[in-house]
Amino acid sequence: MIALMRRFLNTWVARVFFLVLVVAFGAWGIGDMIRTLLTGGASSTAVATIDGQAIEGAAFQDQFQRALGQVQKALGGQQASPLIRREIAQRTLDQMVAQVLLEREVRRLGIAVPDPALREAVFTIPAFRGPNGQFDRTRFNAILANNNLSEASFLALMRADMAGRQVQEAVRAGAVVPPILLAQAFDVAEETRIASMVTLPFDAAPAPPAPTEAQLRRFYALHPKRYSTPELRRVRVVVLSTETIAHGLDIPEADLRAYYAAHKSDYVTPDKRSVQVIVAPAAAAAQALAAQWKGGADWAAMQAAAAKAGATATELDAATAADVPSPELAKAVFAAPAVGAISDPIKTPLGFDVIRVTAITPGSSRDFAQVRGSIHDIIAQQRAGAAIYKDANAVEDQLAGGTPLDKLKTGLGLAAVEGTLDAQGLTPAGQPAPIPGPPALRTALIDAAFHATPGEPPHLTEVPGTGGAPSSYYAVSVLHVAPKAAKPFDGVTAQVTADWTRAMRVRAQNEAATTLLRAVQQGQPMGEAARPAGATVQTSPPIGRQANPPAGVPAELVGPLFSLKPGQVTMVQTPTAFVVAQLARVQEPDPKADPAGYGRLRDSLLGAEANDIEVSFVDGLRQRAHPKINTAQIEGAIRP
């Protein structure tokens, strides 16, 4: 029925019908949007306008969805809350407005990007390079196709970005870090502290007396989450990704061989040789240098002799034949019989050359049979990327028409699974559920399965790809829910006993650490205070504010330690112990002793200052342009 309605909406009859409705609503006083259009205001689909230039809702939603996908991936696949969605939407809008403002400023200043500069910039993008490190037209076309970009539109985006960066770099060039600020920041960043530490491991505490059943039952009752089975859901899932589509593709042999022929250089590694070369202006000088070299002179002596004779000494390291300056020299280098052989003078366009090969790295070549499998995977992935959106639309149409997941038509590159799992994606046996597709899709699918209602009609959900990869899709139906339930006490008695015993040991070490802390606070030396607990005092290595402290220093100690004055004491709990630490001394950093670290901090502060200047610059452009924001359109675009 829904599919029939969709076909109807695409007919001219439907369009005329809705045009009549628009006119009717306008007659009733709901024609503000049309009047706005006629008077040069924002369109009904624009999320913002800047002096008549609109940022359309479709473009905004596309960028918003990309940013949302990245955030949800960072959250482990969890769905973003409404608050997070609004924050992402605001940042996306700010970026798009800033881009428009920057483009306007570029036009005002008359900045242009020449075609050669644009070409060079495209060729240096790593994603467009093949296995040989050179620009790969096939890869370039595939990435653009996966992102729904034509070459012209991509180059236009690149040109605009390069022009904008010229303005940004000019603005950022005004950043300056005052020396006094840099010195103070270095003192804070590089200051280190040394502490006296006493560690009281939980496992080192004496074993408590055997618990009574009443104690165990009380502990069991106080920790119900520990002794419960998780909620389990039986689900039926279909996944559509480039991997699932590629798995079923049959690539003709002719296509595989054609790809190999077009990319043969990717499968051939040329011979490489390292060579020492002396270039003399005359044959006699070259002959004399060759004789001296063959007589046993080392490279340092030959460099000095070459300089004295008006010759040039140079080295080529791991060079291919194409890297050698002249064909004549290349022929001689790669004809040398062995490492260490010294040639007679060779006539080249640069003069008379004498060479000594110092290393030989043989090349390699993989024939078609060796790489057939990888070529099949490359072509299958490319074709899957081109087919996935069409297949996704076909699946979505079937689901919209009420087709259950187990009745979907075959031949659409789908992978289907059915099974029982918990909210962590584990089966009842504790193994990861065999869900096909990339990790981000797996995480999103599991989260959706535990937010769905049993019997709710499935719908196709998109999971944006990363790094230029196509999106993947899933649909899930919940067949049955087994709620979490408490495990019988008799079935978990051993686990409860172990947990209770550990809790008693943690309590005992907590009391010992607290006693030690109070004793030191009252003036008792650390070593003397630690003796009743049977512990020893250790002196820490210098501890900085970095996230990864030195070995033997718990991360939990770093923050509290930098809040102390010398002689003061603190106590922290780690996953395995309590640690009592007394600040022994503070070590002030010396910029002269660490010029590299001082330079890195200066560059970091300079970058932060440049960022602030750039933000202020864009804010000034914004205040001058007064962009108009369509809040209602934004809310509609970000609604789940």
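To start, this report covers the structure provided alongside it. Everything numeric here is computed off the predicted structure, so don't read it as measured data.

Remarks on unusual backbone geometry
Of note in the backbone geometry, Asp 51 takes a positive phi value of approximately 50° without being a glycine. Residue position: Asp 51 is located in the loop between β1 (46-50) and β2 (53-56). The class of Asp 51 is exposed, set by a relative accessible area of 57%. In this structure, His 626 takes a positive phi of about 50° despite not being glycine. Among the secondary structure elements, His 626 is positioned in the loop between α21 (595-625) and β19 (628-629). Exposure remark for His 626: the relative accessible area of 57% places this residue in the exposed category.

What about the nonpolar core?
Of all hydrophobic cores here, the largest spans 25 residues; its most connected members are Ile 375, Leu 399 and Leu 460. Secondary-structure elements contributing two or more residues to this core are β5 (232-240), α11 (242-247), α12 (253-262), α16 (368-400) and β14 (472-482). For this core, the element with the most residues is α16, which contributes 10 residues. Once residues within four sequence positions are removed from consideration, Leu 399 is found in contact with Leu 405, Leu 408, Pro 458, His 459, Leu 460 and Ala 475. Val 47, Ala 80, Ala 89 and Ala 637 belong to the second-largest nonpolar core, a separate cluster that totals 20 residues.

Examining the pattern of salt bridges
Tallied over the entire structure, the rule returns 24 salt bridges. Among the salt bridges present, the one from Arg 234 reaches Glu 418, with a minimum N-O distance of 3.4 Å. With Arg 234 in strand β5 and Glu 418 in strand β12 (residues 414-421), the pair connects residues that are 184 residues apart, well separated along the chain. The partly exposed category is assigned to Arg 234, whose relative accessible area is 33%. A salt bridge links Asp 344 to Lys 294; the nearest nitrogen and oxygen atoms lie 2.5 Å apart. Within this pair, whereas Asp 344 is found in the loop between α15 (327-335) and β9 (346-348), its partner Lys 294 is found in helix α13 (residues 283-294), the two being separated by 50 residues in sequence. The network of salt bridges with common partners includes Arg 234, Arg 236, Asp 406 and Glu 418.

Quick look at the sheet that holds strand β18 (residues 577-587)
With antiparallel pairing, four strands are arranged side by side in an open sheet as β16-β3-β18-β17. Edge positions in the open sheet fall to β16 (538-539) and β17 (569-573), since each of these has one partner strand only. As judged from the 10 bridges shared by strand β3 (residues 192-201) and β18, these two strands associate in the antiparallel manner. Note on β18: the bridge partner recorded for Thr 199 is Val 579. With respect to the sheet, helix α18 (residues 493-521) is in contact with β3, β17 and β18, its orientation differing from that of β17 by roughly 170°.

Criteria and cut-off values
- Along each chain, the written sequence defines residue order, and numbers are assigned to residues from 1.
- Local features in a predicted model are, by the rule used here, given only for residues with pLDDT of at least 70; side-chain atom pairs are given and counted only at 80 or more, and totals for whole chains, interfaces and linings are based on all residues.
- Think of the side-chain values as coming from all heavy atoms in the structure, minus any hydrogens and water.
- Secondary structure elements follow DSSP: runs of H or I of four or more residues count as helices, runs of E of two or more count as strands, with numbering from the N terminus.
- Working definition: with a 1.4 Å probe on protein chains only, accessible area under 20% of the residue-type maximum means buried, over 50% means exposed, and in between means partly exposed.
- Put simply, buried Ala, Val, Leu, Ile, Met, Phe, Trp, Tyr and Cys residues joined by side-chain atoms within 4.5 Å make one nonpolar core.
- For this analysis, residues touch if any pair of their heavy atoms sits within 4.5 Å.
- Salt bridges are identified by distance alone: a Lys or Arg side-chain nitrogen within 4 Å of an Asp or Glu carboxyl oxygen.
- When DSSP finds at least two bridges between two strands, those strands are taken to pair.
- Orientation is described by axes fitted as lines to C-alpha atoms, over the contacting stretch for helices, and by angles from 0 to 180 degrees between their N-to-C directions.

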